[in-house]
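# Notes for the structure review
Chain by chain, the residues run as shown.
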Amino acid sequence: MRLGVLVSGKGSNLRNLVEREFQVVAVATNRPSCGAAAFARERGLPLGEFSQRGYASLEERDTAMRDWLASLGVELLVNAGYDRILSAAFIAAFENRMLNVHPSLLPAFGGGMDAVEQALRQGVTQTGCTVHLVTEEVDAGPILLQAVVPVLPGDSVESLRARIQLEERRILPVAIEMLTRNLAARSSLG
Ligand code: GAR
């Protein structure tokens, strides 16, 4: 399966997918200076830079990004820390083919980039991560996998995030394989 990966952050998930030899054929970012983009350059992965300031609207940016991903033959798209809402047309173009990884047990603490902070603020004793299909409603698509992570006494945002990301690195590859099998089965049914 030819994977595209959308990134805005440090790139721990992207790095993990590359190290596990997934076929990453495109990395797209809205933040060319992020760690994930630096990793893509270092590894010589095709990198698409789509800063919002280059486009008149979010829709225009997403159209350019969609066309670029399509031109590289991306079959399955992984949203690995991409920090912007995607337009409806972009989501429709990858219907049932786009996964998102989110650092909480959805539906808890969805809808933003501060799920780890929210979990700590709320004083929950466990949180985790979720991999789900992307639909128009943010963080509300069908869930493929979740992993529970305990919140430990004395946890900081950094320590809790690090433990959650260990689990992300475990479940995202499994979810990609599940979706790949599912798409293959559907296409063989014609
Ligand atoms: C990941 O923890 C991911 O769950 C989170 O961003 C991080 C990106 O890390 N995504 C969200 O919060 C989405 N709302 P990475 O760049 O090291 O893979």
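Refer to the preceding data block for the structure.
The following refers to the structure shown. Not measured: the values here are computed from a predicted model.

How each quantity is defined
- Residues numbered from 1 in each chain as written.
- Predicted model: local features only at pLDDT ≥ 70, side-chain atom pairs only at ≥ 80, totals over all residues.
- Heavy atoms only, no water.
- Buried < 20%, exposed > 50% of the residue type's maximum accessible area, 1.4 Å probe, protein only.
- Helix = DSSP H or I, 4+ residues; strand = E, 2+ residues; numbered from the N terminus.
- Arc of directions from axis to C-beta.
- Near = heavy atom within 4 Å.
- Polar contact = N/O pair within 3.5 Å; in protein donor to acceptor, adjacent residues only side chain to side chain.
- Areas by Shrake-Rupley, 256 points an atom, 1.4 Å probe, with all protein chains shown as cover.
- 1 Å grid on protein atoms, 1.4 Å probe; cavity = no way out; pocket = protein on both sides within 12 Å on 5 of 7 lines; lining within 4 Å.
- Sits in = over half its atoms within 2 Å of the grid points.
- Contact = heavy atoms within 4.5 Å.
- Pairing = 2+ DSSP bridges.
- Axes fitted to C-alpha atoms, helices over the stretch in contact; angles between N-to-C directions.
- Points joined across faces, edges and corners; volume = space filled by probe spheres on them.
- Nonpolar A, V, L, I, M, F, W, Y, C, P; charged D, E, K, R; others polar.
- Core = buried A, V, L, I, M, F, W, Y, C linked by side-chain atoms within 4.5 Å.

### Description of helix H2 (residues 35-43)
Given 3.6 residues per helical turn, the α-helix brings residues three or four places apart onto the same face. Within the sequence span of H2, burial applies to Ala36, Ala37, Phe39 and Ala40. The buried residues of H2 occupy an angular sector of 160° when projected down its axis, which confines them to one face. Just downstream of H2, Gly44 is the residue with a positive phi angle, here 70°.

### Section: the site of the ligand
Near the ligand you find 13 residues, and of these Gly11, Ser12, Gly112, Gln165 and Glu168 are the closest. Note that an oxygen atom of the ligand is positioned 2.6 Å from one of the side-chain N or O atoms of Ser12. Contacts to the ligand include Asn13, whose side-chain N or O atom sits 3.0 Å from an oxygen atom. Summarising the interface, the protein chains cover 92% of the accessible area of the ligand, which totals 450 Å² for the free molecule. Judged by its atoms lying within 2 Å of the grid points, the ligand is housed in the largest pocket. Those elements that place two or more of their residues in the shell around the ligand are helix H1 (12-19), strand S5 (98-102) and helix H6 (157-188).

### Looking at the side chain of Ser104
Position of Ser104 among the secondary structure elements: in the loop between S5 and helix H5 (115-122). Looking at Ser104, its side chain comes within polar contact range of the main-chain oxygen of Ala108, at 2.6 Å. The contact partners of Ser104, leaving out residues within four places of it in the chain, are Phe109, Ala115, Thr127, Gly128, Cys129 and Thr130.

### Things to note about the sheet that holds strand S4 (residues 76-79)
Across a sheet, strands are paired by hydrogen bonds formed along the backbone, either parallel or antiparallel in direction. Strands sit in the order S3-S2-S1-S4-S5-S6-S7 across an open sheet of seven strands; the sheet is mixed. The open sheet has two edge strands, strand S3 (47-49) and strand S7 (143-150), and neither has a second partner. When the angles between neighbouring strand axes are averaged without regard to direction, this sheet yields 15°. As paired elements, strand S1 (residues 3-7) and S4 share four bridges and run parallel to each other. Note on S4: the bridge partner recorded for Leu3 is Leu76. The sheet contacts of helix H3 (residues 58-71) involve S1, strand S2 (24-29), S3 and S4, and relative to S2 the element is tilted by about 170°.

### Some points on the layout of surface pockets
Where empty space is left becomes clear once a probe the size of a water molecule has been rolled over the atoms. A volume near 770 Å³ is recorded for the largest pocket. As for the largest pocket, its lining consists of 34 residues, of which Gly81, Tyr82, Asp83, Val101 and Met113 are closest to the centre. Listing elements by their share of the lining of the largest pocket, those giving two or more residues are H1, S5 and H6. For the lining of the largest pocket, the per-class residue count stands at twelve nonpolar, 14 polar and eight charged.

### Some words on the nonpolar core
Of all hydrophobic cores here, the largest spans 35 residues; its most connected members are Leu3, Leu14, Leu17, Val24, Leu99 and Ile176. A per-element tally of this core places H6 first, with eight residues. Here Leu14 is in contact with Val5, Val7, Val24, Val27, Ala36 and Phe39, once residues within four sequence places are set aside. In this structure, Val25, Met65, Val74 and Leu86 belong to the second largest nonpolar core, which totals 16 residues.

### Comments concerning the side chain of Asn16
With respect to the helices and strands, the residue Asn16 is situated in helix H1. A residue is classified by how much of its surface remains accessible, and Asn16, at 9% relative accessible area, is buried. Non-local contacts of Asn16, meaning those with residues more than four positions away in its chain, are made with Arg169 and Pro173.

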